[in-house]
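Survey of secondary and tertiary structure
Now for the letters of each chain:
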Amino acid sequence: MPIDVAQFICLTDNFGLLVHDRETGATASVDAPDGEAIAAEAERRGWPLTHLLITHHHLDHIEGWEILKRRFPQMKIVGSAKDAHRLPPLDQAVTDGDEAPLGASRARVIATPGHTSGHVVYWFPDDEAVFVGDTLFSLGCGRVFEGTMDEMRLSLEKIANLPGETSVYCGHEYTQANGRFAVTVDPENPVLRDRLASVAELRKAGKFTLPTTIALENATNPFLRVEDPEVKKAMGMGDANPFAVFAAMRQRKNSFA
């Protein structure tokens, strides 16, 4: 069934994300960066929370959960079974391929280790939307803290292989900063150049750059383009395999000013 999505800034650059099932009124918060801000937005919209869908254990994604649970005692908490020991108490512990129901809607759970070992994303195939936490960013990807570089690239491939029209909701508003790096490793990409101009206009107007789409990320996000000869050339790695290119690119991004 159709869902509505509301996004708003929490903390400094985290996104608050509410997913509302139109048929039943069930509403999920994707992560809990700021309990007060999320609760206020849910109440303003008349969408009392029934679910909390956690992508990973980092504090800026879970620190508001207790406030939300007090405000919405019926709220069920969903998160990775692998990370249950470092998440809020889970009502549904999920693994790759599981379904997380939200009223009449269904999210499919995709395990995406790399940023953290237990990171998961929530894909609503019937609604053409995916909530990717800190695995994929618009024009970028998350740092690799707990997994391996190879795991992270494979996780990104899972997301990149979703239908192109899928709307992508990320955990942070990082597009403009990521774009400054992207153009250094994909300088001959005209679609990227056009996108950077659009992003600059959006930010100048105080607007969000998200959601993006899978198709747009595949065309412009260098971390999804490590097999492209022009990207490999710009990286000085024309004969390298894509896993090596990805690892070198992620390392270069880590120190990019």
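This write-up is about the structure you can find in this document. (Residues numbered from 1 in each chain as written. Predicted model: local features only at pLDDT ≥ 70, side-chain atom pairs only at ≥ 80, totals over all residues. Heavy atoms only, no water.)

Side chains carrying opposite charge are able to pair once their charged atoms draw close together. The tally for this structure, following the rule as stated, stands at 15 salt bridges. A salt bridge links glutamate 146 to arginine 86, with the shortest nitrogen-to-oxygen separation between them at 2.7 Å. Highlighted residues: glutamate 146 in the loop between strand S12 (140-141) and helix H4 (149-160) and arginine 86 in the loop between strand S5 (76-80) and strand S6 (92-94), separated in sequence by 60 residues. When the shortest N-O distance is used, the salt bridge between arginine 153 and glutamate 227 registers 2.9 Å. Here the residue arginine 153 occupies a position in helix H4, and glutamate 227 occupies one in the loop between helix H7 (214-220) and helix H8 (229-234), the gap between them amounting to 74 residues. Through salt bridges that share partners, Glu36, Glu43 and Arg71 make up one connected network. (Salt bridge = Lys/Arg side-chain N within 4 Å of Asp/Glu carboxyl O. Helix = DSSP H or I, 4+ residues; strand = E, 2+ residues; numbered from the N terminus.)

Look at H4 against helix H9 (residues 242-254): their axes get within 9 Å of each other, and the N-to-C directions meet at 105°. On the basis of their axis angle, the class for H4 and H9 is roughly perpendicular. Of H9, the residues touching H4 (which contributes Met149, Asp150, Met152, Arg153, Leu154 and Leu156) are Pro242, Phe243, Phe246, Ala247, Arg250 and Gln251. Residues of the contact of H4 with H9, tallied by class, amount to eight nonpolar, one polar and three charged. (Axes fitted to C-alpha atoms, helices over the stretch in contact; angles between N-to-C directions. Parallel < 35°, antiparallel > 145°, perpendicular 65-115°, else oblique. Contact = heavy atoms within 4.5 Å. Nonpolar A, V, L, I, M, F, W, Y, C, P; charged D, E, K, R; others polar.)

What follows is about the packing of aromatic side chains. Evaluation of the coordinates by the stated rule reveals seven aromatic pairs. Taking 5.8 Å as the distance between ring centres and 85° as the angle between the ring planes, the aromatic pair formed by phenylalanine 124 and phenylalanine 131 counts as edge-to-face. Phenylalanine 131 gets classed as buried once you look at its relative accessible area, which sits at 0%. Residues phenylalanine 181 and phenylalanine 256 carry aromatic rings whose centres are separated by 5.2 Å and whose planes lie at 75° to one another, so their mutual orientation is edge-to-face. With phenylalanine 181 in helix H5 (residues 175-185) and phenylalanine 256 in the segment after H9, this pair connects stretches of sequence that are 75 residues apart. What makes phenylalanine 181 buried here is its relative accessible area of 0%. By the ring-pair criterion, three or more aromatic residues cluster together here, those being Phe181, Phe223, Phe246 and Phe256. For the cation-ring pair, arginine 45 lies above tryptophan 47, with the distance from its terminal atom to the ring centre recorded as 5.1 Å. The ring of phenylalanine 243 carries arginine 153 above its face, with NZ or CZ at 4.6 Å from the centroid. (Phe/Tyr/Trp six-rings, centres within 6.5 Å; stacked < 30°, edge-to-face > 60°. Buried < 20%, exposed > 50% of the residue type's maximum accessible area, 1.4 Å probe, protein only. Lys NZ or Arg CZ within 6 Å of the ring centre and 35° of its normal.)

Time to look at H9. Taking 1.5 Å of rise per residue, the 13 residues of H9 would be expected to cover 18 Å, and the 18 Å separating its terminal C-alpha atoms lies within 8% of that figure. Buried within H9 are the following residues: Pro242, Val245, Phe246, Met249, Arg250 and Lys253. The buried residues of H9 occupy an angular sector of 130° when the element is viewed end-on, so they sit on one face. Where H9 is buried, its residues contact S12, H4, H5 and H8. Between the side-chain oxygen of the N-cap and the backbone nitrogen of phenylalanine 243 there are 2.9 Å, and the N-cap of H9 in question is asparagine 241. (Expected span 1.5 Å × (residues − 1). Arc of directions from axis to C-beta. Polar contact = N/O pair within 3.5 Å; in protein donor to acceptor, adjacent residues only side chain to side chain.)

The next point concerns the nonpolar core. Tyr122, Phe124, Phe131, Val132, Leu156, Phe246 and Met249 are the most contacted members of the largest nonpolar core, which has 50 residues in total. Excluding residues within four positions of it along the chain, methionine 249 makes contact with Phe181, Val185, Pro222, Phe223, Val226, Val231 and Met235. Of all hydrophobic cores here, the second largest spans 18 residues; its members include Ala39, Ala42, Leu52 and Phe72. (Core = buried A, V, L, I, M, F, W, Y, C linked by side-chain atoms within 4.5 Å.)

Let us now look at the sheet that holds S5. In space, the six strands of this open sheet follow the order S1-S2-S3-S4-S5-S6, with mixed pairing throughout. The open sheet has two free edges, formed respectively by strand S1 (3-10) and S6, since each of these has just one partner strand. When strand polarity is set aside, the average angle formed by the axes of neighbouring strands in this sheet is 20°. As defined by bridge partners, strand S2 (residues 14-21) adjoins strand S3 (residues 27-30) across three bridges and the pair is classed as antiparallel. Residue pairing across strands places histidine 20 opposite threonine 27, the latter belonging to S3. The strands touched by helix H1 (residues 35-45) within the sheet are S1, S2 and S3, with S1 carrying the most contacts at an inclination of about 140°. (Pairing = 2+ DSSP bridges.)

This part is about the sheet that holds strand S8 (residues 105-111). Backbone hydrogen bonds hold the strands of a sheet together, and the pairing may be parallel or antiparallel. A sheet is described by the order of its strands in space; here six strands give the open sequence S7-S8-S9-S10-S13-S14, paired in mixed fashion. Of all strands in the sheet, those with a lone pairing partner are strand S7 (99-102) and strand S14 (212-213), marking the two edges. Sheet topology note: the S7/S8 ladder contains four bridges and is antiparallel. Within S8, the residue paired with alanine 100 across the bridge is alanine 107.

Within the secondary structure layout, glycine 142 lies in the loop between S12 and H4. If near-sequence neighbours (up to four positions away) are discounted, glycine 142 is found in contact with His115, Asp134, Thr135, Phe137, Met152 and Arg250.

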